[in-house]
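Reading the structure
Residue strings, one per chain:
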4 protein chains.
Amino acid sequence: MAGDRGGPARRTSRGERTRGRLLEAARQVMAARGFGAARIEDIVAAAGVSHGTFYTYFENKAAILDALIDTAAAQLQAVVDEPWDGPDGQAAIEAVIGRFVRVFAEHADVVRVWLEASANDAHFAARLTEVRGGYVGRVAEVLAPALTGTTHDPTLAAGALVAMVEGAVTQGVTGARDGDPAAVVRTLRSLWVGGVLRLAEDAG
Amino acid sequence: MAGDRGGPARRTSRGERTRGRLLEAARQVMAARGFGAARIEDIVAAAGVSHGTFYTYFENKAAILDALIDTAAAQLQAVVDEPWDGPDGQAAIEAVIGRFVRVFAEHADVVRVWLEASANDAHFAARLTEVRGGYVGRVAEVLAPALTGTTHDPTLAAGALVAMVEGAVTQGVTGARDGDPAAVVRTLRSLWVGGVLRLAEDAG
Amino acid sequence: MAGDRGGPARRTSRGERTRGRLLEAARQVMAARGFGAARIEDIVAAAGVSHGTFYTYFENKAAILDALIDTAAAQLQAVVDEPWDGPDGQAAIEAVIGRFVRVFAEHADVVRVWLEASANDAHFAARLTEVRGGYVGRVAEVLAPALTGTTHDPTLAAGALVAMVEGAVTQGVTGARDGDPAAVVRTLRSLWVGGVLRLAEDAG
Amino acid sequence: MAGDRGGPARRTSRGERTRGRLLEAARQVMAARGFGAARIEDIVAAAGVSHGTFYTYFENKAAILDALIDTAAAQLQAVVDEPWDGPDGQAAIEAVIGRFVRVFAEHADVVRVWLEASANDAHFAARLTEVRGGYVGRVAEVLAPALTGTTHDPTLAAGALVAMVEGAVTQGVTGARDGDPAAVVRTLRSLWVGGVLRLAEDAG
DNA sequence: AATGAATGAGTGTTCATTCAT
DNA sequence: CATGAATGAACACTCATTCAT
């Protein structure tokens, strides 16, 4: 995993607990202030440890975000790795979108921070490209058969659909019925399915 | 307009030119490095003026981004303010999406920086919410008639569609046929139209 | 007390020593160059610590002067708070003036800096007014009985007498027999006592 | 006179007027903000001229204060140069103190700024020492005959008395009957005369 | 004489990171 | 493992002064 410090820490359960507290604190602080504005000071204060202890567990500020991203990325990847039927299987596509939305929503704060960090840091930009490329590519694969013979590029379409889900969840789609993730899934599913059907109809 | 320094500067055409050069330089530097990492030093070097001159025209780093955002926001708003037919007028909706995409693409660099700055700065977050709220609300209005009798919330749907366009353009869904904005517009238009038609079919 | 940085610092005796060195350095540097011209750079160099360490103990340049003033103000206040006999008790008045002169002389450098800072900074001006008001008021109280029936205002007289002591010491009325504070006390005492007796004789 | 710029300015009456406006503006701004915090920008704004014009009339910021001090110093000197009787001539001493108070009061704002500038600038400190030395020396001369045979140093006593007057006026002696300069003169005169008489009584 | 745009040296302050205890 | 004091590089910002017009 990225972001660890190989050293002595994490051998004992006490160290494990401290590390966990730091991760949770970093997540909260970065969600609240953003990556750039989050100070180590804030994180250690939230975790209830001393300043120096931070560096027992993480090499630097980037490393702790990296560790946070590890978790989110793994779950995002899992959605993609699971079996996935074509766009015609309504229930299947709905399940996939549902999982996407749920995972994104669960990690929306980390993803927001990740997006911000990508603007300044090539490493985070690369990880983003890699992870996004992974699931956009998978979606494109699924879309491809339906789009043969049309003028639409599967990767372009996949990117747009994924951006729709990512944006809808990351931006909070607030103003609407926040409280009901099921409603969000339902609407996104219809937009996705309807959009894909339309693409398929556009003859070359 | 936000982002100006009230009094002294910009009375002569020479001053006007300097201010313009600073804006262009800021745009380039911030697009390349992001807002946080962009140093005044970089901006003035790119503009070919001295360090102090920056502050003749802008109160601080945030102010010059504010000025950049003024332009982008005005054009985004213009797209929304123009007459706009219902979702059935195919040509009309295509034109709107086309304009949206074009404006977003034209200011994609500024929007990216704006997104980053929003993570740290309440002012930019508020401006983003305001501008986004404006066009999401307008799209929702247009969608509303088609969605009566369905379970879909117009604002939620509008937010998702706008996120799709914003994300597709901002993230440079490139990787695919970059060079062809017309292709992007065509695919986004089909996804949008198809998605909306599908929503309308979903009976409550 | 004003001038501290709340939390982290000053828990260990090492920190305590560093803080003390900074205070002493600030006192010397400000006495030599004045408040405005004293640079943090000069202070940390004199204290033998790094630039950043300054901010571990004091929020900014004003805060360290504030801390210096805390000490001076407390001692000035102490002179006033001690028991104090009427203007007739010769020995008593001499003791008070002596203490005044000694405290002023001991903190003359800080008071000079304080006076300078008051010209630019409302906070220091307010503290000065407050402290001065305190002992001028006390002196006026003591003077009041002797001045009933005369045309003299006790506060005015007290202000003038205090200004005499403050000015004599602060300006280093030196040039004359510097080395001998006792001589200064003796002369000031006679001027003070003689002046007050004269005021008392002036019938309304 | 110190503080002028020899050049083209001040030849025409228009130039003369501009120079006067700058002096008056500098006086106001420096009185309000202090010397250090007064910006050329503030002064030219108050004078209603452009930034560059300042340097047509004064070499730098110090020069304009120097010019202001010229006037005050000359009048202070005049008080001292006028004929002056011994400490026994009641009317005479009262007249001198009255003139002192009046001149100090008239230029109190400039003197305050001058005091502040002396803390940072050797030139102003030197001028202050020179001017003060002048009138303190004169007062000491006058006092000397009365103090022969006592333990009191005339210069020390003179310094204290002058500090009393200077302090009383410069600090606004507020809290008391501000509005009545005559009352201030009366009280200061009694303190002065009573003090001196007492000194004279102290046998060596 | 006047204007105001341009300059750039100077300095306060922040904060990630190190290290002695 | 934990602590928190110390470090110092990095930057934003100010403002007196110059100079082309």
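All residue numbers refer to position in the chain's written sequence, counted from 1. Labels follow written order: the first chain is A, the first ligand is 1, and so on. Local features in this predicted model are restricted to residues of pLDDT 70 or higher, and side-chain atom pairs are both shown and tallied only at a pLDDT of 80 or more, whereas totals for entire chains, interfaces and linings draw on every residue. Only hydrogens and water are set aside when side-chain values are computed; all heavy atoms of the structure are taken into account.

Only DSSP runs of H or I with at least four residues qualify as helices, and only runs of E with at least two residues qualify as strands; both kinds are numbered from the N terminus onward. On a plain count of helices and strands, chain A comes out with 9 helices and 0 strands. Traced from its N-terminal end to its C-terminal end, chain A shows the element sequence α-α-α-α-α-α-α-α-α. Taken across its 204 residues, chain A has 52% of its residues classed as buried. Counting contacts in chain A only where the partners sit at least 6 residues apart, residues at least 24 apart contribute 68% of the total. Shrake-Rupley sampling with a 1.4 Å probe provides the accessible areas, and residues are treated as covered by the protein chains on show and by no other component. Looking at chain A as shown, the accessible area adds up to about 8800 Å², and 52% of this sits on carbon and sulfur atoms. Exposure is judged per residue with a 1.4 Å probe applied to protein chains only, and the accessible area is read against the type maximum: over 50% gives exposed, under 20% gives buried, and values in between give partly exposed. Contact between two residues is taken to exist if any of their heavy atoms lie within 4.5 Å; hydrogens are not considered.

Here we come to the nonpolar core. C:Leu22, D:Leu22 and D:Phe100 are the most contacted members of the largest nonpolar core, which totals 135 residues. In this structure, D:Phe100 is in contact with D:Val79, D:Val80, D:Trp84, D:Tyr135, D:Val139 and D:Val165, ignoring residues within four places of it in sequence. If you look at the next biggest cluster of nonpolar residues, it comprises 134 residues, including A:Leu22, A:Phe100, B:Ile40 and B:Phe124. The nonpolar core is taken to be a set of buried Ala, Val, Leu, Ile, Met, Phe, Trp, Tyr and Cys residues, with the residues joined through side-chain atoms within 4.5 Å.

As a further point, take the protein's contact with DNA strand F. Consider each residue's heavy atoms; a residue with any of them within 4 Å of a molecule or strand counts as near. What surrounds DNA strand F is a group of 38 residues, the closest being A:Thr12, C:Thr18, C:Ser50, C:Tyr57 and D:His51. Within 4 Å of the protein, atoms of DNA strand F come from sugar and phosphate in 73% of cases. Within the side chain of C:Thr53, an N or O atom sits 3.1 Å from a phosphate oxygen of DNA strand F. Pairs of N or O atoms within 3.5 Å make up the polar contacts considered here, provided that, within protein, one atom can donate a hydrogen while the other can accept it, and that residues adjacent in sequence are counted only when both atoms are side-chain atoms. A distance of 2.5 Å is found between a phosphate oxygen of DNA strand F and a side-chain nitrogen or oxygen belonging to C:Tyr57. The set of elements that each furnish at least two residues to the surface near DNA strand F consists of helix H1 (13–33) of chain A, helix H3 (51–57) of chain B together with helix H1 (13–33) and helix H3 (51–57) of chain C. Note on residue categories: nonpolar means Ala, Val, Leu, Ile, Met, Phe, Trp, Tyr, Cys or Pro, charged means Asp, Glu, Lys or Arg, and polar means any other residue, Gly included. Its residues placed into classes, the surface near DNA strand F shows 14 nonpolar, 16 polar and 8 charged.

It takes a turn of 180 degrees to lay chain D on chain C, together with a shift of 0.1 Å along the axis; the resulting RMSD is 0.2 Å. Such a combination of rotation and displacement between the chain copies is what one expects of a two-fold axis. An overlap of 93% is found between the interface residues of chain D and their copies at the interface of chain C, pointing to a shared contact surface. For the least-squares superposition of copies, only C-alpha atoms count, and only for residues with pLDDT at least 70 in both.

If you rotate chain B by 180 degrees and push it 0.0 Å along the axis, it lands on chain A with an RMSD of 0.2 Å. Both copies present the same face, since 100% of the interface residues in chain B are matched by interface residues at the equivalent positions in chain A.

Turning to the pattern of salt bridges, a few remarks are in order. Side-chain pairs of opposite charge can arise whenever the charged atoms involved come near each other. Residue and element names in this part refer to chain A. By convention in these notes, a salt bridge is any Lys or Arg side-chain nitrogen within 4 Å of a carboxyl oxygen on Asp or Glu. If you walk through the whole model with that rule in mind, you get 28 salt bridges over all chains. Among the salt bridges present, the one from Arg127 reaches Asp70, with a minimum N-O distance of 3.0 Å. Residue Arg127 is located in helix H7 (residues 122–147), and its partner Asp70 is located in helix H4 (residues 61–81); the two are separated by 57 residues in the primary sequence. Note on Arg127: relative accessible area 16%, which makes it buried.

All names here are of chain A. Domain segmentation is taken from an automatic or database assignment of domains. The domains assigned to chain A are domain 1 (13–59) and domain 2 (69–201). Measuring from the centre of the C-alpha atoms in domain 1 to the corresponding centre in domain 2 gives 30 Å. Contacts between the two partners involve 6 residues from domain 1, matched on the other side by 8 residues from domain 2. Carbon and sulfur atoms supply 61% of the area that domain 1 and domain 2 bury against each other, a total of about 530 Å² over both sides. The buried area of a pairing is the accessible area, by a 1.4 Å probe, that goes missing from both parts when the two are put together, added over both. The largest share of the area that domain 1 buries against domain 2 comes from Arg27, Ala31 and Phe35, three residues that together contribute 80% of it. Scanning the region where domain 1 abuts domain 2 turns up 1 salt bridge. Residue Arg27 is joined to Asp109 by a salt bridge in which the shortest nitrogen-to-oxygen separation is 3.0 Å. The tally of links between domain 1 and domain 2 comes to 4 residue pairs in polar contact (both at pLDDT 80 or more).

Moving on: helix H2 (residues 40–47) of chain B. Here H2(B) has its buried residues at B:Ile40, B:Asp42, B:Ile43, B:Val44 and B:Ala47. One or two positions beyond H2(B), positive phi appears at B:Gly48, with a value near 75 degrees.

What follows covers the interface of chain D and chain C. In this assembly, 45 residues from chain D lie in contact with 42 residues from chain C. Considering only the surface of chain D that becomes buried against chain C, D:Leu156, D:Leu191 and D:Arg198 emerge as the three largest contributors, covering 19% of it. At the surface where chain D touches chain C, the tally comes to 0 salt bridges. Remark: the boundary between chain D and chain C carries 7 residue pairs in polar contact (both at pLDDT 80 or more). Of all the elements in the fold, those that place two or more residues in the side of chain D that touches chain C are helix H6 (108–120), helix H8 (154–170) and helix H9 (181–201) of chain D. In terms of residue count, H9(D) provides more of the side of chain D that touches chain C than any other element does, 14 residues in total. In the side of chain D that touches chain C, the residues fall into 20 nonpolar, 16 polar and 9 charged.

Turning our eyes to something else, we now look at the packing of aromatic side chains. All names here are of chain A. Classification of ring pairs rests on two measures: the distance between centres of Phe, Tyr or Trp rings, Trp counted by its six-membered ring, which must be within 6.5 Å, and the angle between planes, read as stacked under 30 degrees, edge-to-face over 60 and tilted in between. In this structure the tally under the stated criterion is 24 aromatic pairs over all chains. Considering the side-chain rings of Phe54 and Tyr55, the 5.0 Å spacing of their centres and the 65 degrees angle between planes classify their relative orientation as edge-to-face. Owing to a relative accessible area of 0%, Phe54 belongs among the buried residues under this scheme. A centroid spacing of 5.3 Å and a plane angle of 80 degrees characterise the contact between Phe100 and Tyr135, whose relative ring orientation is edge-to-face. A residue pair is termed long-range when its members are at least 10 positions apart, and Phe100 in helix H5 (residues 90–106) and Tyr135 in helix H7 qualify at 35 residues. Taken together, the aromatic side chains of Phe54, Tyr55 and Phe58 make up a single cluster linked through ring pairs. Across from the ring centre of Phe35, 4.8 Å away, lies the NZ or CZ of Lys61, which sits over that ring. To sit over a ring, a charge needs its Lys NZ or Arg CZ within 6 Å of the ring centre and within 35 degrees of the ring normal.

This part is about the side chain of A:Glu166. Tracing the backbone shows A:Glu166 in helix H8 (residues 154–170). Take A:Glu166: its relative accessible area is 4%, and that puts it in the buried class. What A:Glu166 contacts, discounting residues up to four positions off in sequence, is A:Phe104, A:Leu115, A:Arg132, A:Tyr135, A:Gln171 and B:Gln171.

Moving on to the side chain of A:Thr18. Residue and element names in this part refer to chain A. If you trace the backbone, Thr18 turns up in helix H1. Classification of Thr18 as buried rests on a relative accessible area of 11%. Apart from the residues within four sequence positions on either side, Thr18 is in contact with Val49, Thr53 and Tyr57.

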